[in-house]
Amino acid sequence: MKSSIIDNVKSLPPLSSTIVNINKIYSDENSTIRDMANVIEHDPMIIANILKIANSPLYGFGREIKNPAQAVALFGMNMTRSIAIGNSVRKLLNVDMQPYGVTSDEFAHISSLQATLMLNWYKKIDRQKAEKLYLAAFLQETGKILIASEVIQNDESISFASEVENSNNLAMVEKAYSNATCGEVTALIFKHWGFDSEFIEMIKYSDNPSSAPHEIKEYATALNIVKTIIPINKPLSEMSINFGLKIAADAGYNVELLESTVSAMLELL
């Protein structure tokens, strides 16, 4: 990893007090949905993002969600925390995704799609693991923000964007320009912010699951499958889906289950 990216990670400001309080509530077994709603009600940006996602057809709540307490009750603590953290991280890192050929809104949408696919797929396998993986899937592309910034600073946007547009392996392109994959940069970011080691490790190895420690391998593989099916440059393209299904088959997953989940998402979109 380039020293400039490491320095940028070290200089990142702390997460907002809202996120710190959300994490405290999430970690407290005695906390309630109402406690979580009370915290996010003080942050208009988080409220707006949660309501936007809650009213997306991808979640199919069937009625308009108009207040944060209602959204938190429907999402639960884990998903609410994930959405709030994702929103705050992107705001904190001042997103400019030009080198990847997408806008900040498109980047946020792709992150949401990855998290939604993960949840809808993995809750049919193991609901407890699905909840762990949802947050990781939602945030696993965060490192692209710093990689994009590095590319812009080095005046390499045109060549990088050209390679991204035509690549079926974004991690390889990222490695060539920043000497690190997105997963490795993302892991460093969340280590800086004090997230738990399991979360950090599953993202760190998401671009190379075969190298992951045994206890992390399943999580890293699942993240890799999701980001392969919904890459930032070709989300849910026929080729991307086929690549992802091939990885799933090689890893011993029920491919029909994953394929049906992807098909259901495509119908909603």
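This one's a predicted model, so the numbers in the text were calculated from it and none came from an experiment. Throughout, residues of each chain are indexed from 1 in the direction in which the sequence is written. Local features in this predicted model are restricted to residues of pLDDT 70 or higher, and side-chain atom pairs are both shown and tallied only at a pLDDT of 80 or more, whereas totals for entire chains, interfaces and linings draw on every residue. Side-chain measures here rest on the full set of heavy atoms in the structure, leaving out hydrogens and waters.

Draft legend 1. Just the layout of surface pockets, in detail. Each pocket or cavity is described by its volume, and for the largest pocket that value is around 530 Å³. The pocket and cavity definitions rest on a 1 Å grid over protein atoms only: a 1.4 Å probe that fits but cannot leave marks a cavity, an open set with protein on both sides within 12 Å along at least five of seven lines marks a pocket, and residues lining either have an atom within 4 Å of a point. Lining the largest pocket are 20 residues, and of these N49, K52, D105, A108 and H109 lie nearest its centre. Secondary structure elements are defined from DSSP: runs of H or I of at least 4 residues count as helices, runs of E of at least 2 residues count as strands, and each element is numbered from the N terminus. Of all the secondary-structure elements, those providing two or more residues to the lining of the largest pocket are helix 4 (44-54), helix 5 (68-92) and helix 6 (104-122). Only Asp, Glu, Lys and Arg are considered charged, only Ala, Val, Leu, Ile, Met, Phe, Trp, Tyr, Cys and Pro nonpolar, and every remaining residue, Gly among them, polar. Per-class residue counts for the lining of the largest pocket are ten nonpolar, six polar and four charged. Grid points are joined across faces, edges and corners, and a volume is the space filled by probe spheres set on the points. Here the second largest pocket defines a volume of roughly 370 Å³. Lining of the second largest pocket is provided by 17 residues; of these, N168, N169, L170, K227 and T228 occupy positions nearest its centre. Every element with two or more residues in the lining of the second largest pocket is listed here: helix 10 (170-178), helix 13 (214-229) and helix 14 (238-250). Residues that form the lining of the second largest pocket fall into these classes: five nonpolar, seven polar and five charged.

Draft legend 2. Seen up close, the packing of helix 8 (residues 143-153) against helix 11 (residues 182-192). All axes here are fitted lines through C-alpha atoms, helices being fitted over the stretch that makes contact, and every angle between N-to-C directions spans 0 to 180 degrees. Contact geometry of helix 8 with helix 11 gives a least axis separation of 7 Å together with a crossing angle of 110°. Considered as vectors, helix 8 and helix 11 are oriented roughly perpendicular to each other. Seen from helix 8, the contacting residues are G143, K144, L146 and I147; seen from helix 11, they are C182, V185, T186 and I189. Angles below 35 degrees are treated as roughly parallel, those above 145 as roughly antiparallel, those between 65 and 115 as roughly perpendicular, and all remaining angles as oblique. Two residues form a contact once any of their heavy atoms are found within 4.5 Å.

Draft legend 3. Local environment of the pattern of salt bridges. Note on definitions: salt bridges are taken to be side-chain nitrogens of Lys or Arg within 4 Å of carboxyl oxygens of Asp or Glu. The final tally for this structure, using the stated rule, is nine salt bridges. Taking the shortest distance from any N to any O, the salt bridge between K132 and E198 comes out at 3.2 Å. Linking K132 in helix 7 (residues 127-139) with E198 in helix 12 (residues 197-204), this pair joins segments that are 66 residues apart in sequence. The rule is simple: take the accessible area with a 1.4 Å probe, protein chains only, and divide by the maximum for that residue type; under 20% is buried, over 50% is exposed, in between is partly exposed. Since its relative accessible area comes to 28%, E198 is described here as partly exposed. Between D250 and K246 there is a salt bridge, with its nearest N and O atoms 2.8 Å apart.

Draft legend 4. Expanded view of the side chain of T116. Its location among the elements puts T116 in helix 6. Not counting residues up to four positions away in its chain, the partners in contact with T116 are L58, Y59 and Y134.

Draft legend 5. Molecular detail of the packing of aromatic side chains. For Phe, Tyr and Trp, where Trp contributes only its six-membered ring, two rings pair if their centres lie within 6.5 Å, and the inter-plane angle classes them as stacked under 30 degrees, edge-to-face over 60, or tilted in between. According to the stated counting rule, one finds ten aromatic pairs in the structure shown. Geometrically, the ring pair formed by Y134 and F138 is stacked, given 6.0 Å between the ring centres and 25° between the ring planes. Of the two residues, Y134 and F138 both sit in helix 7, four residues apart, roughly one turn of that helix. Of the two residues, Y134 and F138, neither departs from the other in class, the shared state being buried. Cluster of aromatic residues (ring-pair linked, three or more members): F190, W193, F195 and F199. The criterion is that NZ of a Lys, or CZ of an Arg, lies within 6 Å of the ring centre and within 35 degrees of the ring normal, and then a charge sits over that ring. When the ring centre of Y26 is taken as origin, the NZ or CZ atom of R81, which lies over that ring, is 4.3 Å away.

Draft legend 6. Quick peek at the packing of helix 2 (residues 17-27) against helix 5. Running from amino to carboxyl end, helix 2 crosses helix 5 at an angle of 160°, the nearest separation of the two axes being 10 Å. Accordingly, the angle class assigned to the pair helix 2 and helix 5 is roughly antiparallel. In this structure, helix 2 crosses over helix 5, and the sense of that crossing is left-handed. The residues of helix 5 that touch helix 2, namely those facing I19, I22, N23, I25 and Y26, are M77, N78, R81, A84, I85 and S88. Residues that form the contact of helix 2 with helix 5 fall into these classes: seven nonpolar, three polar and one charged. With the far helix as reference, a near helix turned anticlockwise by less than a right angle produces a left-handed crossing, and one turned clockwise produces a right-handed crossing.

Draft legend 7. Expanded view of helix 9 (residues 157-166). For helix 9, the set of buried residues is S157, F160 and V164. Across the axial projection of helix 9, the buried residues extend over an arc of 70°, all falling on one side. Residues of helix 9 that are exposed and point over 90 degrees away from its buried face: I158, E165 and N166. Those residues of helix 9 that are buried lie in contact with helix 8 and helix 10. Directions drawn from the helix axis to the C-beta atoms are what define this arc.

Draft legend 8. Representation of the confidence of the model for the protein in the model. Each residue carries a pLDDT value, the predictor's own confidence for that position, ranging from 0 to 100. Within the protein, residue pLDDT values average 92, and 99% of them lie at 70 or more. No element of the protein has a lower mean pLDDT than helix 5, at 84, and none a higher one than helix 13, at 98.

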